[in-house]
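# Results of the structural survey
Residues per chain, in single letters:
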Amino acid sequence: MADEQKPGGSEAPSPPAGEGAKPPAKPAADAAKPAPPKPPPPPKPPATMAATPWDSDLARAVKERFGDGILATSTYLGQDFVVTRPESAVPVLEYLKLDADFDYLVDITAVDWPKRAERFDLVYVVYSFPHSQRIRIKTQIADGFEPRTAVGMHLTANWLEREVFDMFGIRFAGHPDLRRILMPEDWQGYPLRKDYGILQQDVRWVQENLGIESGQ
Amino acid sequence: MPDTFLDSTELVLNMGPQHPSTHGVLRVILKLDGEKILGTDCVIGYLHRGVEKIAENRTYAQFNPYVDRMDYVASVSNGLGYCLAVEKLLNVEAPPRARAVRVILTELNRIASHLLWLGTHALDIGAITPVFYCFREREEALKIFEQYCGARLTTHAFRIGGLQYETYDGFERDVKAFCRMFPPKVDEYEELLTNNRIWEGRLKGVGVLTGDECKEYGVTGPVLRASGVKWDLRKAQPYSGYEQYDFEIPTRENGDTYDRYIVRMQEMRQSVRIMEQAVEAIPAGPILGKVGKVIKPPVGEAYVSIEAPKGELGYYVVSDGSTQPYRVRVRPPSYVNLQALDKMVRGALIADVVAVIGTLDIVLGEVDR
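Calculation rules
- Residues numbered from 1 in each chain as written.
- Chains lettered and ligands numbered in written order.
- Predicted model: local features only at pLDDT ≥ 70, side-chain atom pairs only at ≥ 80, totals over all residues.
- Contact = placed C-beta atoms within 7 Å.
- Helix = DSSP H or I, 4+ residues; strand = E, 2+ residues; numbered from the N terminus.
- Axes fitted to C-alpha atoms, helices over the stretch in contact; angles between N-to-C directions.
- Parallel < 35°, antiparallel > 145°, perpendicular 65-115°, else oblique.
- Left-handed = near helix turned anticlockwise from the far one by under 90°.
- Core = buried A, V, L, I, M, F, W, Y, C linked by C-beta atoms within 7 Å.
- Buried ≥ 20, exposed ≤ 12 C-beta atoms within 10 Å, placed from the backbone.
- Pairing = 2+ DSSP bridges.

## Observations concerning the interface of chain A and chain B
Across the boundary between the two partners, chain A contributes 35 residues, which contact 38 residues of chain B. Secondary structure elements with two or more residues in the side of chain A that touches chain B: helix H1 (2-11), strand E4 (104-112), strand E5 (120-128) and helix H5 (157-168) of chain A. The biggest single contributor to the side of chain A that touches chain B is E4 of chain A, with 6 residues.

Pasting the structure below:
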């Protein structure tokens, strides 16, 4: 681990140091240049995904139907996705299923970005058997926001949402059976949140149920 | 006699977690009226190891061996899916030689996985013989893996960008020999089972799922195809060069346990067909694409899925531009397919639960991750 940190660690500080050293030297080397003290563009890579807008009949139809509910329709690496407002995600799923033949809900998952105000990315992946097309629906939700369940439309959402609840603590409003699924039912904490350490455990649960001091 | 003499009461019965026919540590709580099933509840997670959490704390390459431990009877498919997902993020493609060898090994692994399914499924139903036949041929497949990479089960056969190893001398010969040897063996299994009256009696009409129900439950793989939906990711969204090969998608109409058996038997024959074509024309050239020593994909995300022996296996990988994945989500086919168990066994008998768990072909390592 320490070895891998090094290249990254040494790279990050080096560009600013290099550029900081260059500008004083540059004017002497070529005084003809009009604007030598101009700071170079920030060396940091963009922290966002370099997605391009996704424009197609379907993207336009979704935008038209939901208006402000759709924040973006983008494509990255040839994969299309729709970014919606939190309350529009499930209606978009519904629309895609009923009007655009996206009849197969592949997956529901989440990504935790603890520094962001809307902490979680909630991600739905849908597929259309007739068109052999795959779309992701993404929405940003705050901790404590309860998105609507998709079970009414896709039965498969039942366990998928249970797993998201189990791992991230996102409660789905209207879910028929929102219990933990992979972790023990009385476990405390949500393991896939970023502030849950990899060695962290529910010590009380381990002591009570396994009869040992610690699982480590 | 009191009125209650012949009354029945509902009985709740635990099947598993330690039960041979649950293929691992699956606990199914059955609500019974006599022997009839009124409802089920699956309790899973006994094998949960937090694979997705581990991924966030390893580099991309370090996580590669972990994926083998999910569906451990089809570890090659797991590795392929993960490598393809990271390659997608890096925007590189494995060279043609690597793609051909990947296809051969993945199909060989599909056969090995189906053979394990067939042997244990038949054993659950009460046929002892097929398991010995199946393991005999599975051994031949595992020997090829062992020769290739030294491991039989958790192979770690592929590397991000291509292959872990160059093929060994005689690889083509061994694969061709397997392709010649294997189809007559499938005939043997079929002779034992296909028209066997007990086999038919135990499987026909059991655990029926219609095509629409499969889509509702997100069920994929042979289970979906046995319900009349002609859908296979190798054809629908080809990857790793599958579009070059000529093969068919076997389907059946009834969606019962018997049809799923037939579909898997035919799939093994199709896998041999693919392997025969691939091994005839393994291109020469490098086995590793242009991937740096330190794998550092740009900020972004990708969802890549493949047709694993059990259904759609998806990887959703999110990169924050560092050497470690920010998030890896695995969409395991077994987990999603298992959800349909309740639907399939309601109103059936306890013995049918055993048949249905077998026919879903779940691997608990993948369900629980």
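Let us keep going from here.
## Re the packing of helix H4 (residues 96-125) of chain B against helix H5 (residues 129-149) of chain B
Residue and element names in this part refer to chain B. Running from N to C, H4 and H5 cross one another at 160°; their axes reach a closest spacing of 9 Å. Classified by the angle between their axes, H4 and H5 sit roughly antiparallel to one another. Considering how the two elements wind past one another, H4 and H5 form a crossing that is left-handed. Residues Leu108, Ile111, Ala112, Leu115, Leu116, Leu118, Gly119, Thr120, Ala122 and Leu123 of H4 touch H5, and the partners they reach there are Pro130, Val131, Cys134, Phe135, Glu137, Arg138, Ala141, Leu142 and Ile144.

## As for the nonpolar core
If you look at the biggest cluster of nonpolar residues, it comprises 145 residues, and the most contacted ones within it are Val126 of chain A together with Val86 and Ile104 of chain B. Broken down by element, the residue count for this core peaks at 15 residues, all from H4 of chain B. Discounting chain neighbours no more than four positions away, the residues touching Val86 of chain B are Tyr60, Ile160, Ile295, Pro297 and Val317 of chain B.

## So, the sheet that holds strand E8 (residues 327-331) of chain B
All names here are of chain B. Ordered in space as E6-E7-E8, the 3 strands form an open sheet in which the pairing is antiparallel. Either end of the sheet is taken by a strand with one partner, and the two such strands are strand E6 (300-308) and E8. Sheet twist, expressed as the average angle between the axes of neighbouring strands with direction ignored, equals 10°. Lying on the sheet, helix H3 (residues 75-90) is in contact with E6 and strand E7 (311-319); it crosses E6 at an angle near 150°.

## Brief notes about helix H14 (residues 350-360) of chain B
All names here are of chain B. Counting buried positions along H14 gives 9 out of 11 residues, so the element sits mostly inside the fold. Residues Asp352, Val353, Val354, Ala355, Val356, Ile357, Gly358, Thr359 and Leu360 constitute the buried set of H14. A positive phi of about 55° marks Asp361, the residue just after H14.

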